[in-house]
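# A structural walkthrough
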Amino acid sequence: MLRKPVSGRAAESVPVLVVGGSLVGLSTSVFLGRLGIEHMLVERHAETSTHPRGRGNNVRTMELFRTAGLEQRVREAAFALAGNDGVLQVDTLTGGQRRWIIQDISAGMDVSRVSSSNWCLCSQNDLEPVLLSRARQGGDIRFGTELLSFTQDEEGVQAQVMSRETGETYAVNAEFLVAADGPRSPVRNRLDIGQSGPGALFHNISVTFRSKALKECVGPQRFIVCYITDPQGEGALLPVDNEERWVVHIPWFPDRGESLEDFTSERCAAHIRAAAGVPDLDVEITGKAPWHASKRVADSYARGRVFLAGDSAHEMPPTGAFGSNTGIQDAHNLAWKLAAVLRGWAGPQLLGTYEDERRPVAVATSTRASQQAAEEEHPGFTPATGRNDDPADLMTVALCYRYASKAVVGAAPDRPVVPDDFRLGGEPGSRAPHMWVTRGGDRISTLDLYERSFVLLAGPEGREWRGAAERASRDLGVPVEAYLVGDGPDHDLAPEPDADWAELHGTAEDGAVLVRPDGFVAWRAPGRLPSADRLLTNALRTVLCRD
């Protein structure tokens, strides 16, 4: 494609430039837009993904979509798979043994007791249009536009981009750049940031197909994924609509000389028939795409004013549905910090806590995803020996990871990033507990309060904390919303019967917790303290790196 020179077109300026318009880039745009941060997103492809993949959205991700006003739209886009759950293993779909590797992805937990949301199966091709629609409400979204190059200095980032339709190139100046440009990340490569980890673990060919008769072979089970172990049909079957649209992942061994061209439509159809155990099964191949399960984490998440998020920062197997979820949660962590710095609430050092918090989570989560691939005996994967025989369950990994950085006061730095068992008790550095409350006649979750400002929750006897929050907010010029939890007429949030706010948050009735805009506990007061104004102001100053 010929590149046309800039013809009298002035450079465009924007506070944040996002590179990459898949799940993580679009989520970054949504979160920045919700915070009122002007930004531009460029994506080299002309449209969103058309291949059904990346379907598992865990509880934490759905909490973020709920806060962003998107949960209902995501569930509507995912209605076809609303009843699917669990991981099944069979010899073939019509014969041999069947066993549930995981029958309930929530492990029998009543998720409503710990979260305002729940898991959702929404394939990437269905989720991306929902995110794109919302992203366009708050950002300048340019598909069919490619980042060609960039430089940076103390003042900002200078980028050259190109319209892939016209070939015209033009300049975009930004204060910060967020690279969500995938596992082969050109931005990461240009920054010369290395990666750590074993690399590629296994390879599959993802084949989309239609078959009206296959649902009779599947039977009444509504699984997330079914692993077929018969050597002639080995693979992973995933329903798209539980009716006639399906995906199968077929093991691919490039190290044995197999090429993509070897996976003809005839071979793939025969493989599917063997997996079903039905030689004359109707099969119409509609698409094929290779994918690689890898375990890598970038050695650094930032260089100057450029930040990595999603697959550009970490790769992990799809088992456990951790990959895109970890990336979306990267975006959420980074978005409020960019907003705080751009608005002058925080010192620039706050942005350094993005890597301090998110990289350890990626290391722990990618390890857990690899363990899950071994547990599920994912087709094509031969795990190394010596794996952890008792890893944390999926819900614990999804919700209970912890941060220890300068943006948290009182976090224990020597504790594991992911605890061994499920624990959300209001500890600094953990996701703030969920609690159903009534506010002005509306039933909400306390998690619904956390997005655009800091929030101070005080117990039933903690009235003085409300005044301390107002004074700290005024003195520092930082938005802080304060709520008194209890049943009295002067209380802001009324808990449901038998709910104990103090016990849930690990404080006394006159204690308080300070929660960051991303919903993580920044600081906790176990009870009434002398010099409350000073203590709270100092905590905010520390968290925002203004010391």
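Quick caveat: nothing in here was measured; it's all calculated off a predicted structure.

Taking 1.5 Å of rise per residue, the twelve residues of helix α7 (residues 265-276) would be expected to cover 16 Å, and the 16 Å separating its terminal C-alpha atoms lies within 8% of that figure. Every buried residue belonging to α7 is among Cys268, Ala269, His271, Ile272, Ala275 and Ala276, and all of these are buried. Buried residues of α7, seen end-on, are gathered within an arc of 160 degrees and therefore sit on one face of the element. If you follow the buried residues of α7, they end up packed against β4 (87-92), β11 (195-210), α6 (214-218), β12 (225-228), β14 (245-252) and β15 (284-298). Following α7 by one or two positions, glycine 277 has its phi on the positive side, about 80 degrees.

For the rest of this paragraph, the subject is the sheet that holds β12. Spatially, eight strands are ordered β5-β4-β12-β13-β14-β11-β15-β18 in an open sheet, and the strand pairing comes out mixed. Because the sheet does not close on itself, it has two edges, and the strands there are β5 (95-102) and β18 (314-315). Where β4 and β12 come together, four bridges link them in parallel fashion. Residue pairing across strands places glutamine 89 opposite tyrosine 227, the latter belonging to β12.

Our next topic: the packing of helix α11 (residues 463-476) against helix α13 (residues 532-543). Helix packing geometry: the angle between the two helix axes and the distance between the axes. With their axes 9 Å apart at the nearest point, α11 and α13 run at an angle of 50 degrees to one another. As judged from the angle between their axes, α11 and α13 are oblique. In the packing of α11 onto α13, the handedness of the crossing is right-handed. Residue-level contacts link Trp465, Ala468, Ala469, Arg471, Ala472 and Leu476 of α11 to Ala532, Asp533, Leu536, Thr537, Leu540 and Arg541 of α13.

A few words now on the pattern of salt bridges. Inspection of every chain in the model, using the stated rule, returns 30 salt bridges. The closest approach of N and O atoms between aspartate 421 and arginine 423, which form a salt bridge, is 2.6 Å. The salt bridge partner of arginine 474 is aspartate 475, with a shortest N-O separation of 3.8 Å. Accessibility expressed as a relative area gives 59% for arginine 474, which makes it exposed. Take aspartate 475: its relative accessible area is 54%, and that puts it in the exposed class.

Moving on to the packing of aromatic side chains. Enumeration according to the criterion identifies ten aromatic pairs in this entry. Ring centres of phenylalanine 307 and tyrosine 354 lie 6.2 Å apart, and the angle between their planes is 75 degrees; this geometry places the pair in the edge-to-face category. Of this pair, phenylalanine 307 sits in strand β17 (residues 306-308) while tyrosine 354 sits in helix α9 (residues 352-375); the two residues are 47 residues apart in sequence, bridging distant segments of the chain. With respect to burial, phenylalanine 307 and tyrosine 354 carry one shared label: buried. Measuring from ring centre to ring centre gives 5.8 Å for tyrosine 401 and tyrosine 403, while their planes differ by 50 degrees; the resulting arrangement is tilted. Residue tyrosine 401 is classed as buried on the basis of its relative accessible area of 3%. Cluster of aromatic residues (ring-pair linked, three or more members): Phe176, Tyr301, Phe307 and Tyr354. Lying across the ring of phenylalanine 253, arginine 256 places its NZ or CZ 3.9 Å from the centre. Here arginine 267 stacks its cationic end above the ring of phenylalanine 263, 4.0 Å away from the centre of that ring.

Moving on to the pairing of strand β2 (residues 39-43). Most of β2 is tucked away, with five of its five residues classed as buried. Burial along β2 is two-sided: the face carrying His39, Leu41 and Glu43 and the face carrying Met40 and Val42 are both buried. With helix α1 (residues 23-34) bridging strand β1 (residues 12-19) and the parallel β2, this β-α-β connection has right-handed handedness. Two elements, β2 and strand β7 (residues 140-143), share four bridges in a ladder whose sense is parallel. Among the inter-strand pairings, methionine 40 is bridged to a residue of β7, identified as aspartate 140.

Next up on the list: the confidence of the model for the protein chain. Atomic detail in the predicted coordinates should be set aside for any region of low pLDDT. For the protein chain, per-residue confidence averages 94 on the pLDDT scale, and 97% of positions sit at 70 or higher. Ignoring residues within four places in sequence, the model shows residues 1-5, a span with pLDDT below 50, making 15 contacts including any to other chains.

In this section: unusual backbone geometry. Phi is positive for aspartate 192, which is not a glycine, with a value near 60 degrees. Looking at the secondary structure, you find aspartate 192 in the loop between α5 (186-190) and β11. Unlike most non-glycine residues, aspartate 498 shows phi in positive territory, near 70 degrees. Mapped onto the elements of the fold, aspartate 498 is located in the loop between β23 (494-495) and α12 (501-505). For aspartate 498, a relative accessible area of 84% corresponds to the exposed category.

Procedures and definitions
- In this convention, every chain numbers its residues from 1, walking through the sequence in written order.
- Local features in a predicted model are, by the rule used here, given only for residues with pLDDT of at least 70; side-chain atom pairs are given and counted only at 80 or more, and totals for whole chains, interfaces and linings are based on all residues.
- Hydrogens and waters are ignored; side-chain quantities use all the structure's heavy atoms.
- The numbering of helices and of strands both runs from the N terminus, where a helix is a DSSP run of H or I of at least 4 residues and a strand a run of E of at least 2.
- Multiply 1.5 Å by the residue count of a helix minus one, and that product is the helix's expected span.
- Buried means the residue's accessible area, taken with a 1.4 Å probe over protein chains only, is under 20% of the maximum for its type, while exposed means over 50%, and partly exposed covers the values in between.
- The arc in question is formed by the directions pointing from the helix axis toward the C-beta atoms.
- The contact criterion used is simple: two residues touch if any of their non-hydrogen atoms lie within 4.5 Å.
- Pairs of strands are assigned from DSSP output, requiring at least two bridges between the strands.
- In this description, a line fitted to the C-alpha atoms serves as the axis of each element, helices being fitted only across the stretch in contact, and the angle between N-to-C directions of two axes falls anywhere from 0 to 180 degrees.
- Each angle receives one of four descriptions, namely roughly parallel if under 35 degrees, roughly antiparallel if over 145, roughly perpendicular if within 65 to 115, and oblique otherwise.
- Two helices that cross are described as forming a left-handed crossing if the nearer one is turned anticlockwise from the farther one by less than a right angle, and a right-handed crossing if clockwise.
- Salt bridge, as applied in this entry: a Lys or Arg side-chain nitrogen positioned within 4 Å of an Asp or Glu carboxyl oxygen.
- Whether two aromatic rings pair depends on their centres lying within 6.5 Å, for rings of Phe, Tyr and Trp, where Trp uses its six-membered ring; planes under 30 degrees apart make the pair stacked, over 60 edge-to-face, and the rest tilted.
- Charge over a ring is defined by NZ of Lys or CZ of Arg lying within 6 Å of the ring centre and within 35 degrees of the ring normal.
- If the strands point away from the viewer and the path from the first strand over the helix to the second runs clockwise, then the crossover is right-handed.
- The pLDDT value expresses, per residue, how confident the predictor is, ranging between 0 and 100.

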